[in-house]
Every structure is written in structure tokens, then in C-alpha cells.
Amino acid sequence: MTTGPQGERVFIRLGPPPDEPNQFATDAAPRCYPPEVRARLEVDAKEIIGRYPDKRSALLPLLHLVQGEDSYLTPAGLAFCADQLGLTGAEVSAVASFYTMYRRRPTGEYLVGVCTNTLCAVMGGDAIFDSLTEHLGVGHDETTPDGAITLQHIECNAACDYAPVVMVNWEFFDNQTCESARALADSLRAGKPLAPTRGAPLCGFRQTARILAGLPDQRPDGGQGGPGAATVAGLRVAHENDMQAPPPPGAGQ
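Residues numbered from 1 in each chain as written. Predicted model: local features only at pLDDT ≥ 70, side-chain atom pairs only at ≥ 80, totals over all residues. Heavy atoms only, no water.

1. Regarding a nonpolar patch on the surface
Stage number 1. Residues Leu60, Phe98 and Tyr99 make up a contiguous nonpolar surface patch of roughly 310 Å² in combined accessible area.
Stage number 2. Locating Tyr99 in the fold gives a position in the loop between α4 (89–96) and β3 (110–115).
Stage number 3. Taking the relative accessible area as the measure of exposure, Tyr99 reaches 36% and is therefore partly exposed. (Patch = residues over 30% accessible without salt bridge, like charges linked within 9 Å, V, L, I, M, F, W, Y side chains within 5 Å. Areas by Shrake-Rupley, 256 points an atom, 1.4 Å probe, with all protein chains shown as cover. Salt bridge = Lys/Arg side-chain N within 4 Å of Asp/Glu carboxyl O. Helix = DSSP H or I, 4+ residues; strand = E, 2+ residues; numbered from the N terminus. Buried < 20%, exposed > 50% of the residue type's maximum accessible area, 1.4 Å probe, protein only.)

Take a look at the structure:
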């Protein structure tokens, strides 16, 4: 409260407005966990925290753990992490709000991310995103009415040699086109997901979050298959032409 120019009382609300999109609280977000949920999460949290000499180092995996519970970060999840690590809510929120892999709103069974960073964009990423937007009827960070897919732009995921790339729950689908991306989305909505180009079979978003927390991954290990032809194309050309990196300045002196 402050005083206006005529001496009248003026109330000023501090902090972001309640509809600020970067807040962790949504209308249906739980504020605290029921005792049975908290007890179950505490078992997993104890295993995770025990891996670190300083328990506050377990914050990132614990955030994945509670994201696996709710499909996004909620006041209940943030408070749970704070309680387990002896941190304040502000300390937990400061970390959670820094990383884009921690979600601010409910997430569908499959988080479909279309890379629209520079190389993927010019190779067709923007067109793929627009095609999926029209095909699914949702925009960035929106979820289809059946709860199957949340669509979003994503930043570079270090797969430029396979551009344009679509990621589903952080598994790679390389060299995509508008047509293949729509077919991929249809397979997800039908409950018969296509296999990723590389890596393990897909699982749901919540299970993916638990795996990222460091809990056991029961999926069969198909392997990454080593570097693909596009990855080593420059190395192959260098070998064919007997190209060598120049020696560093002062070498041999």
C-alpha cells in the first residue's frame, strides 16, 4: 500500500499477474500431494538423493521425478523438491524456471517437438511445424483434445546432420518431411507409435520424465547404431583427399 498525490490510499499488487504464462500454477495444479503419493515419491527421491555427496545436487533429477507425476511442474512438485532437499521454494523455482525441459503446463502423452532453429528451419522445419499445426489443430505448446500430443517448437538438439528433426519425448525422428511428420502424429494418436530413427522405443511422457530422473529404464536397448553417413561425411572427404589439420602455432620448436 502507498499514498497517492491527494493523500488517498493506493493498493499496488506486487509480482506477476496471476495469468502470467511463466508461472508454475495453473487452475488445476495440485498444491500438495496426498499422503500416499508423497510416500511413494519419497522412496524414489531417497534413491536419487543418495547418489550425490551434496543432496542439493539432486535437484534437477528430482524436478524430473515430480514432472513424471504430474506431466509438468506444479506447486505440489516444487514444494516436494524443496522439502526433500532443505531448500526454499524460491531456490527451487529459480532453477526450475531456467530450463526449458521442465514444463509449465499439463503435457500430453507425447511431447512432439519440431526443431525450428536455423538449419532445421531452412531444411523444412518451419513448414513441418505449420503442417502439424494445421493437421492437429493446435499451436505451440498446446495439446490435442484427446490428450495424445503436445506440440511445440524446440531449439537445436545437436542433430543438424539429420535436419529437419522432430523429437518425440526426446527421441529422434530424423530427416522428416511434412508428410512423414503427419504420419508420425497419426501413429501417436492411434496408440501405435512409429519407432524412432535412433535410440529406444517410445514411452509416455511421464515415464520419460522418470527415466530422466535416473530411475530404471526398462525399454530394450536398440543402440544408437554409431554415427551415420551424414555425421562423418566431412571426415570421409578429408581422408579421401589426405587433408590434415594445420599444426598449432609454435609446434615443433
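Alright, that's what it looks like, and here's the rest.
2. Re the UniProt feature "binding site: [2Fe-2S] cluster" (unreviewed entry) in the protein
Stage number 1. The sites that carry the UniProt feature "binding site: [2Fe-2S] cluster" (unreviewed entry) are, in the present numbering, Cys115, Cys120, Cys156 and Cys160. The largest pairwise C-alpha distance within this set of annotated residues, which runs over 46 residues, is 9.6 Å, so the set is compact in three dimensions.
Stage number 2. As for its position among the elements, Cys115 is in strand β3.
Stage number 3. Every residue in contact with Cys115, bar those within four places of it in the chain, is listed here: Cys120, Ala121, Gly125, Ile154, Glu155, Cys156 and Val165.
Stage number 4. One can find Cys156 in the loop between β5 (149–154) and β6 (166–168).
Stage number 5. If we ignore the near neighbours within four places in the chain, the residues touching Cys156 are Cys115 and Asn117. (UniProt positions renumbered as here; feature names shortened; annotations may be inferred. Contact = heavy atoms within 4.5 Å.)

3. Details of helix α5 (residues 118–136)
Stage number 1. Maximal helix bending in α5 amounts to about 70°, located at Gly124.
Stage number 2. Along α5, the positions that sit buried rather than exposed are Cys120, Ala121, Gly124, Gly125, Ile128, Phe129, Ser131, Leu132 and Leu136.
Stage number 3. Looking at the buried side of α5, the elements it contacts are β3, β5, β6 and α6 (178–189).
Stage number 4. Just downstream of α5, Gly137 is the residue with a positive phi angle, here 75°. (Bend = angle between axes of the 7 residues up to and from the residue.)

4. Observations regarding the side chain of Asp70
Stage number 1. Along the chain, the position of Asp70 falls in helix α2 (residues 59–70).
Stage number 2. Here Asp70 occupies a buried position and makes no salt bridge, while the nearest side chain of opposite charge, Arg206, is found at 5.5 Å.
Stage number 3. In this view, Asp70 contacts Pro30, Tyr33 and Arg206; residues no more than four positions away in its chain are not counted. (Lys, Arg positive; Asp, Glu negative; His and termini not counted.)

5. Observations regarding the nonpolar core
Stage number 1. The biggest cluster of nonpolar side chains holds 26 residues, and the ones touching the most others in it are Leu62, Leu63, Leu65, Leu73 and Val92.
Stage number 2. For this core, the elements supplying multiple residues, two or more each, are α1 (35–49), α2, α3 (75–85) and α4.
Stage number 3. The dominant element in this core, judged by the number of residues it contributes, is α3, at 6 residues.
Stage number 4. Membership of the second largest hydrophobic core comes to 19 residues, among which are Val114, Phe129, Phe173 and Leu202. (Core = buried A, V, L, I, M, F, W, Y, C linked by side-chain atoms within 4.5 Å.)

6. Side note on unusual backbone geometry
Stage number 1. Residues Ala163 and Pro164 are joined by a peptide bond in cis, for which omega reads -5°.
Stage number 2. Position of Pro164 relative to the elements: it lies in the loop between β5 and β6.
Stage number 3. Even without being a glycine, Trp170 presents a positive backbone phi close to 70°.
Stage number 4. As for its placement among the helices and strands, Trp170 is situated in the loop between β6 and β7 (171–173).

7. Focus on the pattern of salt bridges
Stage number 1. Taken as a whole, this structure holds 14 salt bridges when the rule is applied.
Stage number 2. As a salt-bridge pair, Arg51 and Glu47 come within 3.1 Å of each other at their nearest N and O atoms.
Stage number 3. Judged by its relative accessible area of 41%, Glu47 falls in the partly exposed class.
Stage number 4. Two residues, Arg219 and Asp217, come together in a salt bridge whose shortest N-O distance is 3.0 Å.
Stage number 5. It is possible to trace a salt-bridge network through shared partners that takes in Arg38, Glu42 and Asp83.

8. Details of the environment of Cys81
Stage number 1. Here Cys81 lies in helix α3.
Stage number 2. Assessed through its relative accessible area of 0%, Cys81 is described here as buried.
Stage number 3. Note: C-alpha distance between Cys81 and Val66 (15 residues apart in sequence) is 8.0 Å.
Stage number 4. For Cys81, the contacting residues outside a window of four places in its chain are Leu59, Leu62, Leu63, Val66 and Val92.

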